[in-house]
Amino acid sequence: MKSGYGNGASNVIPIDSSAIGLFQGAELEPQPTIAAPAAATTPAESSKSDMFAANAQRMQVVMNRLSFVLRSVNKGVQQLEQPLLALARGIDFSVANGEVPSKAPELSSLVKQICQQKSDILALPLIMVLMVSIKNACKLGWFSATDTKEIIDLYKEISSSFCLPENVDAEPSPSNPNIQTYMER
């Protein structure tokens, strides 16, 4: 029988029978068992703690990047855009899950440095996005009382450049009563 593709021949690779003898008669040593941890966690708890750890690590990397950019001479909006948005996302994730990162005290001083860029009209919207996230972190007690007051004052100062109501209510409140009726259906 010819060997090859497309001619119906079997493409079986011959095995050297002497190689099979290597495994015959070999005794397998029993594998040691791994003891379960004292406080066993469910996969969901483990996964959640992994997510929190990954978010904290991401936030630390972004904070380092922002510190570097703020120290550089040629800082532009292009260099601030992605790190500011990434930091805001990390803060929002932590706030939504009730987590307080260990680096929160460092974050307050970084936010104050970032707010010094408020004179840059192109960076102002990015700073505002971050400040909304930081304001929510302040509500959860991430910072000391003095830092919280300074951050809220900075928030008010920066938000005055935008057409925002003082207190934005995040709860659903339909202006038309028919909307509520349709939503129930």
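Parameters at a glance
- Residues numbered from 1 in each chain as written.
- Predicted model: local features only at pLDDT ≥ 70, side-chain atom pairs only at ≥ 80, totals over all residues.
- Heavy atoms only, no water.
- Axes fitted to C-alpha atoms, helices over the stretch in contact; angles between N-to-C directions.
- Helix = DSSP H or I, 4+ residues; strand = E, 2+ residues; numbered from the N terminus.
- Left-handed = near helix turned anticlockwise from the far one by under 90°.
- Contact = heavy atoms within 4.5 Å.
- Expected span 1.5 Å × (residues − 1).
- Buried < 20%, exposed > 50% of the residue type's maximum accessible area, 1.4 Å probe, protein only.
- Arc of directions from axis to C-beta.
- Parallel < 35°, antiparallel > 145°, perpendicular 65-115°, else oblique.
- Salt bridge = Lys/Arg side-chain N within 4 Å of Asp/Glu carboxyl O.

**Student:** Can you help me understand the packing of helix H5 (residues 124-139) against helix H6 (residues 145-159) in this one?
**Tutor:** Packed helix pairs are characterised by how far apart their axes lie and by the angle those axes make with each other. The interhelical angle for the contact between H5 and H6, taken along N-to-C directions, is 145°, at an axis separation of 10 Å. Taken as a pair, H5 and H6 cross one another with a handedness that is left-handed. Of H6, the residues touching H5 (which contributes Leu124, Ile127, Met128, Met131, Val132, Ile134, Lys135 and Cys138) are Thr148, Ile151, Ile152, Leu154, Tyr155, Ile158 and Ser159.

**Student:** I'm lost on helix H3 (residues 77-96) in this one. Help?
**Tutor:** Between its first and last C-alpha atoms H3 spans 28 Å; for 20 residues at 1.5 Å apiece the expected length is 28 Å, and the two agree. Every buried residue of H3 is accounted for by Val77, Leu80, Pro83, Leu84, Leu87, Ala88, Gly90, Ile91, Ser94 and Val95. The buried residues of H3 occupy an angular sector of 165° when projected down its axis, which confines them to one face. In H3, the exposed positions that point more than 90 degrees away from the buried face belong to Gln78, Arg89 and Ala96.

**Student:** Can you walk me through the environment of leucine 110 in this structure?
**Tutor:** Tracing the backbone through its elements, the reader meets leucine 110 in helix H4 (residues 104-115). On the basis of relative accessibility, which here comes to 4%, the residue leucine 110 falls in the buried class. Distance in space between the C-alpha atoms of leucine 110 and asparagine 64 is 9.6 Å, their sequence separation being 46 residues. Apart from residues no more than four positions distant in its own chain, leucine 110 is found in contact with Met63, Leu66, Ser67, Leu70 and Leu87.

**Student:** Please explain the packing of H3 against H5 as it appears in this structure.
**Tutor:** Where H3 contacts H5, the two axes come as close as 9 Å, and the packing angle between them is 20°. When the axis of H3 is compared with that of H5, the two are roughly parallel. In the packing of H3 onto H5, the handedness of the crossing is left-handed. Every residue of H5 that contacts H3 at Val77, Glu81, Leu84, Leu85, Leu87, Ala88, Ile91, Asp92 and Val95 is listed here: Leu126, Ile127, Val129, Leu130, Ser133, Ile134, Asn136 and Ala137.

**Student:** Mind showing me how you'd approach the pattern of salt bridges here?
**Tutor:** It is possible for side chains of opposite charge to pair when their charged atoms get near one another. With the rule as written, the count across this model stands at 5 salt bridges. Two residues, lysine 112 and glutamate 150, come together in a salt bridge whose shortest N-O distance is 2.7 Å. Taken together, the residues span a long stretch of sequence, with lysine 112 in helix H4 and glutamate 150 in helix H6 at a distance of 38 residues. Overall, the relative accessible area of 22% leaves lysine 112 in the partly exposed class. On the basis of relative accessibility, which here comes to 39%, the residue glutamate 150 falls in the partly exposed class. Its salt-bridge partner being lysine 149, residue aspartate 153 comes within 3.1 Å of it at the nearest N-O pair. With aspartate 153 and lysine 149 both in helix H6, this residue pair falls 4 residues apart, about one helical turn. On the basis of relative accessible area, aspartate 153 is assigned to the partly exposed category, the value being 36%. Of the residues examined, lysine 149 reaches a relative accessible area of 54% and is grouped as exposed.

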